[in-house]
Amino acid sequence: MPADNIFSRVEQLAREQLAQQAASAGLLEPLFEVAVVKTTRVIPACPVRVMIEAQDSRSPQRMRFVAACPGAGGWRQEMLVRASITAKVAVTRGTVTANTPLEPSDVELARRDVTMVADSIATLDAVAGLSSRRSLRAGEVLRQGQLASPMLVRRGAPVNIVARKEQVSVSMDGVAMDPGAQGEVIRVRNASSGTVIRARVVEAGVVEPAN
């Protein structure tokens with residue numbers, strides 16, 4: 001089998017591996033650039049079809065494959081592939097302030113290099129209402145690890161404790177003992193009785209008993 005044929009098969013297998021990984025990650029319209037690193041070592045002739053298998057394809061920039069000639073007198077040779085990936089991902093339209101909920105006008109889909117970005121986001125709906133833990137420049141790729149639900153309750157801030165049962169609703173003043181985002185359970189002290197309860201954050205400044 002000619003060496004060029006082996007290189008071609010390794011490249012094809014690398015593309016298949018990348019396509020599977022991109023599908024698992026939910027990448028939108030991924031494109032791959034793949035290059036098999038060729039060395040000066042001569043690949044011996046093989047009287048039968050050379051077997052190609054992936055050895056380590058976790059890092060696109062350093063994918064390792066093995067080409068093997070089976071049978072007596074056969075050989076094995078490691079081959080290195082370097083790849084890059086671009087896809088349409090959520091990026092910032094302009095400057096984004098830290099801990100500020102993202103608005104639809106703050107983000108857009110654009111093609112970016114995501115070779116080294118394992119947690120990019122492929123839909124704009126996935127970032128709506130979330131906030132970035134740090135300030136971002138225009139055009140930055142949004143990453144799942146840097147986004148969080150905004151803090152709706154600050155530690156030490158006054159809150160309204162609302163208890164509902166069927167058609168009856170009772171509210172009382174309280175003080176948050178922990179910060180909390182929507183849906184999180186925090187400690188709240190009843191302002192009148194001093195009793196500390198576990199309460200779930202409903203919206204900004206509003207909680208409900210968690211028990």
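A short tour of the structure in this document, coming up. What you see is a predicted model, and the numbers here were worked out from it, not measured in a lab.

Taken in spatial order, the five strands close into a barrel running β9-β10-β12-β13-β14, and their pairing is mixed. Direction aside, neighbouring strands of the sheet carry axes that sit 55° apart on average. Across three bridges, the pairing between strand β10 (residues 168–176) and strand β12 (residues 185–190) is antiparallel. Looking across to β12, one finds that Gly174 is bridged to Asn190.

All right, on to the nonpolar core then. Note on soluble globular proteins: their nonpolar side chains tend to be buried together. Counting residues in each nonpolar core, the largest one holds 31 residues, and the members touching the most others are Ile6, Val10, Trp75, Met79 and Val81. For this core, the elements supplying multiple residues, two or more each, are α1 (3–25), β1 (28–37), β3 (63–69) and β4 (75–92). With eight residues, the single largest contributor to this core is β4. Contact partners of Val81, with chain neighbours within four places excluded, come to Val10, Ala14, Val34, Ala35, Val36, Pro60, Gln61, Arg62, Met63 and Phe65.

Quick look at the side chain of Ser120 now. As for its placement among the helices and strands, Ser120 is situated in the loop between β5 (107–113) and β6 (131–132). If we ignore the near neighbours within four places in the chain, the residues touching Ser120 are Leu27, Val89, Val114, Val141, Leu142 and Gln144.

Locating Ser131 in the fold gives a position in strand β6. Look at Ser131 and you get buried, because its relative accessible area is 3%. Leaving out residues up to four positions away in the same chain, Ser131 has contacts with Asn99, Thr100, Pro101, Gln146, Leu147, Ala148, Ser149 and Pro150.

As enumerated under the stated definition, the model contains eleven salt bridges in all. Among the salt bridges present, the one from Arg111 reaches Glu29, with a minimum N-O distance of 3.8 Å. Residue Arg111 is found in strand β5, and its partner Glu29 is found in strand β1; the two are separated by 82 residues along the sequence. By relative accessible area, Glu29 is classed as partly exposed at 43%. Overlapping salt bridges, with partners in common, bring together Glu29, Lys88 and Arg111 in one network.

A word on the state of the cysteines. The tally for this structure, following the rule as stated, stands at one disulfide. Through a disulfide, Cys46 is tied to Cys69; the S-S separation comes to 2.1 Å. Torsion about the S-S bond of the Cys46 and Cys69 cystine: about 85°, corresponding to right-handed handedness. One end of the pair, Cys46, is in the loop between β1 and β2 (51–56); the other, Cys69, is in strand β3, with 23 residues separating them in the sequence. With respect to burial, Cys46 and Cys69 carry one shared label: buried.

Right, let's talk about unusual backbone geometry for a bit. One non-glycine residue with positive phi stands out, namely Asn99, at about 60°. Summarising the element assignment, Asn99 is placed in the loop between β4 and β5. With phi around 55°, Glu166 is a residue other than glycine that occupies positive phi space. Residue position: Glu166 is located in the loop between β9 (158–165) and β10.

By relative accessible area, Cys46 is classed as buried at 9%. For the pair formed by Cys46 and Trp75, sequence separation is 29 residues and the distance between their alpha carbons is 8.6 Å.

Glancing now at the pairing of β3. Burial within β3 is extensive, with six of its seven residues counted as buried. Here β2 pairs with β3 via five bridges, running antiparallel. The partner of Ala54 across the bridge, within β3, is Phe65. Following β2, the chain reverses through six residues before pairing antiparallel with β3. Sheet topology note: the β3/β4 ladder contains seven bridges and is antiparallel.

The rules we used
- Residues numbered from 1 in each chain as written.
- Predicted model: local features only at pLDDT ≥ 70, side-chain atom pairs only at ≥ 80, totals over all residues.
- Heavy atoms only, no water.
- Pairing = 2+ DSSP bridges.
- Helix = DSSP H or I, 4+ residues; strand = E, 2+ residues; numbered from the N terminus.
- Axes fitted to C-alpha atoms, helices over the stretch in contact; angles between N-to-C directions.
- Core = buried A, V, L, I, M, F, W, Y, C linked by side-chain atoms within 4.5 Å.
- Buried < 20%, exposed > 50% of the residue type's maximum accessible area, 1.4 Å probe, protein only.
- Contact = heavy atoms within 4.5 Å.
- Salt bridge = Lys/Arg side-chain N within 4 Å of Asp/Glu carboxyl O.
- Disulfide = S-S within 2.5 Å.

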